[in-house]
Amino acid sequence: MSEFQFLDVRTTDHVATVTMDNSPVNAVGLPMYDEIKALFTGIEQHAPGARAVILTGAGKHFCGGNDLDEFLTMTPENTGGRMLRVREAFWSIYDCPAPVIAAVHGVAVGTGLALAASCDMVVAAEGARFGLPEIQVGAMGGAKHASRLVPQALVRRMHFTGDMVPVEELARYGGIDSVVPAERLLTAAEELARRIVRHSPVAIRTAKRSLNRIEYMELKEGYTYEQSLTGELSAHDDAKEAVRAFFERREPRYTGK
C-alpha cells in the first residue's frame, strides 16, 4: 500500500514512474505539494535503485494547476508560508539526484507547467497544451519556469494573455524533447529513461548535479566546475570500468561505488 495519497510510485529496471492521481485534473493543493517534496527529496528511499524518474498524471491530464479553493483563503499574512511549500515541491524535482522526465498529456497549466519545467526533460503527447493562467485568478508565478522551455517573448505572451499554447508550438523552440502520439507517451518516456540508466549511477548523479550548478553560470566558470567533477569521478571504479569497456568493446559492469 502506498504511503502517499496523491502519488503512485513504481520502479522497474532502474526507472521509477511517479503518477500524480488527484481526479479530475490532478490539481495540486498543499498536502499534494508536501507529498511531492517528500517523494523527490527521498527518492532513494521511495524508489530504491532508480537512476531516472518519469513524472506523469493519471487520467486525461498531466496537471490542471493549483487547487483554486486555496486561493480563496490566501492573505498577505499567510501567503509566505504557503508559497514556501509550493517552491519546495518544485525544487525537490529540480534537485532530485536522478534525472526526471515529464510525460505530459492533456493540459499542463500553472502549477502543471512549473512541474514539467522543473524536470530535466519533457516528452509530450500530441495535442497537449501548456498555459500560465495565473493572471486570470489574481496570482503570479510560473513565468520563470516557462523560461526554461521557451524564449522570453512567448513567456510574456502566455503570462499576459493566460491563453493555452499547443505543445506543437512550444516544441519549435527546443524546450520539448519530443512530441509523440498519446498512446506512445509513456513508451517514449521509458525509452528515453532507458538510454539514461544504461550509464553508471555515479556518473548520472554527478551529471545531474553538474547541469543544475552550471545552468546559469558564465561559460568559463561553468566549464571549470565541470572539469572539477571529472577529477571527482576519477576516484570511482565506474569511471575506469567505462574506459575499459570501451576499449574491450563490451557492455560495462557498473558497481555504483
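So, here is what we can say about the structure in this document. Predicted model only: the values in this text are computed from it and were never measured.

1. Considerations on the packing of aromatic side chains
Here's step 1: Counting across every chain of the model gives two aromatic pairs.
Here's step 2: An angle of 85° between the planes, with centres 6.1 Å apart, marks the rings of Y33 and F90 as edge-to-face. Residue Y33 is found in helix 1 (residues 30-41), and its partner F90 is found in helix 3 (residues 79-94); the two are separated by 57 residues along the sequence.
Here's step 3: The exposure class of F90 is buried, given its relative accessible area of 8%.
Here's step 4: Each ring, one from F246 and one from F247, has its centre 5.7 Å from the other, and the planes form 70°; the classification is edge-to-face.

2. A word on the pattern of salt bridges
Here's step 1: Inspection of the entire model under this criterion finds eleven salt bridges.
Here's step 2: The shortest N-O distance in the salt bridge between E248 and R250 comes to 2.6 Å.
Here's step 3: For E248, a relative accessible area of 48% corresponds to the partly exposed category.
Here's step 4: According to the relative accessible area criterion, R250 is partly exposed, its value standing at 22%.
Here's step 5: Counted as one network, the salt bridges with shared partners bring together E241, R244, E248 and R250.

3. Let's talk about the sheet that holds strand 9 (residues 178-180)
Here's step 1: With mixed pairing, six strands are arranged side by side in an open sheet as 1-2-3-4-6-9. Edge strands, defined here as strands with exactly one partner in the open sheet, are strand 1 (7-12) and strand 9. Direction aside, neighbouring strands of the sheet carry axes that sit 20° apart on average.

4. Observations concerning the layout of surface pockets
Here's step 1: The calculated volume of the largest pocket comes to roughly 550 Å³.
Here's step 2: Taken together, 28 residues line the largest pocket, and the ones lying closest to its centre are F71, T111, E134, M140 and G141.
Here's step 3: Put simply, the parts of the chain that give the lining of the largest pocket at least two residues each are helix 3, helix 4 (111-118) and helix 5 (143-146).
Here's step 4: The leading source of residues in the lining of the largest pocket is helix 3, at six residues.
Here's step 5: Among the residues making up the lining of the largest pocket, the classes are represented as 15 nonpolar, ten polar and three charged.

5. Some points on empty space enclosed by the protein
Here's step 1: A full pass over the atoms with the stated rule returns one cavity of 30 Å³ or more.
Here's step 2: Of the pockets and cavities examined, the largest cavity occupies roughly 40 Å³.
Here's step 3: If you trace the largest cavity, you find it lined by L30, N66, E70, F71, M74, R82, M83 and V86.
Here's step 4: When residues in the lining of the largest cavity are grouped by element, the largest group, three residues, is from helix 3.

6. Examining the sheet that holds strand 8 (residues 165-166)
Here's step 1: One open sheet accounts for three strands, arranged 5-7-8; its pairing is mixed. The open sheet has two edge strands, strand 5 (107-109) and strand 8, and neither has a second partner.
Here's step 2: Relative to strand 7 (residues 129-131), strand 5 runs parallel, the two being bridged by three bridges. Note on strand 7: the bridge partner recorded for A108 is F130.

7. Re the packing of helix 1 against helix 3
Here's step 1: At a minimum axis distance of 8 Å, the contact between helix 1 and helix 3 shows a crossing angle of 35°. Every pair of crossing elements has a handedness; the one defined by helix 1 and helix 3 is left-handed. Residues L30, P31, Y33, D34, I36, K37, F40 and T41 of helix 1 form the contact with helix 3, whose own contacting residues are R82, R85, V86, E88, A89, F90, S92 and I93.

8. Some thoughts on unusual backbone geometry
Among all residues except glycine, the phi angle is most often negative; among peptide bonds, the trans geometry is most common.
Here's step 1: Looking along the chain, the bond that leaves S23 and enters P24 is cis, with omega of 10°.
Here's step 2: Here P24 lies in the loop between strand 2 (15-20) and helix 1.
Here's step 3: One non-glycine residue, N26, adopts positive backbone phi at about 60°.
Here's step 4: With respect to the secondary-structure elements, N26 resides in the loop between strand 2 and helix 1.

Calculation rules
Residues numbered from 1 in each chain as written. Predicted model: local features only at pLDDT ≥ 70, side-chain atom pairs only at ≥ 80, totals over all residues. Heavy atoms only, no water. Phe/Tyr/Trp six-rings, centres within 6.5 Å; stacked < 30°, edge-to-face > 60°. Helix = DSSP H or I, 4+ residues; strand = E, 2+ residues; numbered from the N terminus. Buried < 20%, exposed > 50% of the residue type's maximum accessible area, 1.4 Å probe, protein only. Salt bridge = Lys/Arg side-chain N within 4 Å of Asp/Glu carboxyl O. Pairing = 2+ DSSP bridges. Axes fitted to C-alpha atoms, helices over the stretch in contact; angles between N-to-C directions. 1 Å grid on protein atoms, 1.4 Å probe; cavity = no way out; pocket = protein on both sides within 12 Å on 5 of 7 lines; lining within 4 Å. Points joined across faces, edges and corners; volume = space filled by probe spheres on them. Nonpolar A, V, L, I, M, F, W, Y, C, P; charged D, E, K, R; others polar. Left-handed = near helix turned anticlockwise from the far one by under 90°. Contact = heavy atoms within 4.5 Å.

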